[in-house]
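# Examination of the molecular architecture
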Amino acid sequence: MKTSVPLLAAPLAAILVFGLAPLVLVVVWSFCAWDPATYWIKPEFSLAAYGAILEAGRWSVFLSTLGKAFLTAAICLVIAYPTAYAMHFLAGRTSSVVLAALLTIPFFTSYLIRSFSWRLLLGRTGVINTLLQQAGITDAPLDWLLFSDFAVIVGLVASYLPFATFPVLLSMRRVDPIVLAASRDLGAGFWTMARTVLLPLTYSGVFAGFLFVFVMVAGSSTEVQMLGGAGASIVSVMINDVMRVANFPLAFAISTLMLVIVFGLVLIGDAIFGLSSLFEDRSQ
């Protein structure tokens, strides 16, 4: 026990200095006032920044961001769960490695390139519209495929699907195969076993995957700007716009509100889905 204390000191100090301290400063500065004359922070308590979130359509951008994050996370989980099941229970070692590689290889390229590739697929002269017209399914290009919420969601799902798949896969690896075999011996079919046994045992991984995708979408901007068109916006883009005019308290207030939502989700996930159980040592 005494040996572990020095070993924990260094990572704990790093977390406090590089992780917690900047967040504390963001929260504190969000309650400061902004001086438009000097474009700087005035060291006095003020709730003006939080009030400004309700102005100029910022609240609608905030709600739109939460909606996109929730929808993207939900779609990712619908795809990730059967993918993780196939990787763990159906595929052999080699096939599982191949599937994992297919999920991660796109991240070897720039995120700008990944987003732009969807413009080549979804555009008016893109691959999908061309194939639809050649097959006689459509007479003209489908404009809503690109520069729309549909395109944004497609790009976000493609970007963050691995972050939902691997937590689910981790939780499935912690399920004792004997439990699943016992349910089948008792007469449970596949869907009954999956719904009543496997899914409850993997709730922690499901929620972890949801949380990872939700947080990353809420902080993303490339997919929205590349696929959503000129009028599309998201919280991260709004923060960048506010920072350009040096209204730091407002940017910090928006960030603090997002932090509160994320930490609230973490607490809910731990209370309902046992999120912390994903990190428990079950080797003993």
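Residues numbered from 1 in each chain as written. Predicted model: local features only at pLDDT ≥ 70, side-chain atom pairs only at ≥ 80, totals over all residues. Heavy atoms only, no water.

Under an unreviewed UniProt entry, the name given to the protein is Putative spermidine/putrescine transport system permease protein, and the source organism is Rhizobium miluonense. The protein has a UniProt comment under Subcellular location (unreviewed entry) that states "Cell membrane". In its Sequence similarities (unreviewed entry) section, the UniProt record describing the protein reads: "Belongs to the binding-protein-dependent transport system permease family. CysTW subfamily." (UniProt positions renumbered as here; feature names shortened; annotations may be inferred.)

Once that is clear, we can look at a nonpolar patch on the surface. A cluster of nonpolar side chains, namely L12, L16, V17, F18, L20, V24, L25, V28 and W29, defines an oily patch on the protein surface of about 860 Å² accessible area. Relative to the elements of secondary structure, V28 occurs in helix α1 (residues 4-30). (Patch = residues over 30% accessible without salt bridge, like charges linked within 9 Å, V, L, I, M, F, W, Y side chains within 5 Å. Areas by Shrake-Rupley, 256 points an atom, 1.4 Å probe, with all protein chains shown as cover. Salt bridge = Lys/Arg side-chain N within 4 Å of Asp/Glu carboxyl O. Helix = DSSP H or I, 4+ residues; strand = E, 2+ residues; numbered from the N terminus.)

This next bit is on the UniProt feature "domain: ABC transmembrane type-1" (unreviewed entry) in the protein. UniProt annotation of "domain: ABC transmembrane type-1" (unreviewed entry) refers to residues 62-269 when read in the numbering used here. Structurally, residues 62-269 is divided into 77% helix and 0% strand, and its ends, taken at the C-alpha atoms, are 22 Å apart.

Another point: the pattern of salt bridges. Applying the stated criterion across every chain yields a total of four salt bridges. A salt bridge links K42 to E44, with the nearest nitrogen and oxygen atoms 4.0 Å apart. Given the relative accessible area of 30%, K42 is considered partly exposed. The class of E44 is partly exposed, set by a relative accessible area of 42%. Across the pair R244 and D241 runs a salt bridge whose closest N-O atoms are separated by 2.5 Å. (Buried < 20%, exposed > 50% of the residue type's maximum accessible area, 1.4 Å probe, protein only.)

Turning our eyes to something else, we now look at unusual backbone geometry. Phi at F147 takes a positive value of approximately 55°, unusual for a residue other than glycine. A relative accessible area of 44% means that F147 is categorised as partly exposed. For A246, which is not a glycine, the phi torsion comes out positive at approximately 60°. With respect to the element layout, A246 can be found in the loop between α12 (235-244) and α13 (248-273). Given the relative accessible area of 14%, A246 is considered buried.

Residue placement: K68 occurs in helix α3 (residues 58-90). On the basis of relative accessibility, which here comes to 10%, the residue K68 falls in the buried class. Among all residues touching K68, those that are not within four sequence positions of it are D149, V152, I153, V217 and S233. Looking at K68, its side chain comes within polar contact range of the side chain of S64, at 2.7 Å. (Contact = heavy atoms within 4.5 Å. Polar contact = N/O pair within 3.5 Å; in protein donor to acceptor, adjacent residues only side chain to side chain.)

With that settled, the discussion passes to the UniProt feature "transmembrane region" (unreviewed entry) in the protein. According to UniProt, the feature "transmembrane region" (unreviewed entry) maps to residues 7-31, 69-90, 97-113, 150-170, 197-218 and 250-275 in the numbering used here. The distance from the first to the last C-alpha atom of residues 150-170 is 30 Å, and the span holds 100% helix and 0% strand. With 95% helix and 0% strand, the stretch residues 197-218 has end C-alpha atoms that lie 32 Å from each other.

With that settled, the discussion passes to the pairing of strand β1 (residues 32-35). Taken together, the four bridges between β1 and strand β2 (residues 40-45) define a ladder with antiparallel strand orientation. Paired with D35 across the two strands is W40, which belongs to β2. Adjacent in sequence and paired antiparallel, β1 and β2 are bridged by four residues, among which Y39 carries a positive phi angle near 55°. (Pairing = 2+ DSSP bridges.)

Attention now moves to the layout of surface pockets. Of the voids in this model, the largest pocket is the one considered here, and its volume is about 220 Å³. Taken together, 15 residues form the lining of the largest pocket, with P106, R114, W118, A158 and S159 sitting closest to its centre. Within the residue set of the lining of the largest pocket, elements represented by two or more residues are α4 (93-104), α5 (111-122) and α7 (149-173). Broken down by element, the lining of the largest pocket gets its largest block of residues, six residues, from α7. Of the residues assigned to the lining of the largest pocket, the class counts are 10 nonpolar, four polar and one charged. (1 Å grid on protein atoms, 1.4 Å probe; cavity = no way out; pocket = protein on both sides within 12 Å on 5 of 7 lines; lining within 4 Å. Points joined across faces, edges and corners; volume = space filled by probe spheres on them. Nonpolar A, V, L, I, M, F, W, Y, C, P; charged D, E, K, R; others polar.)

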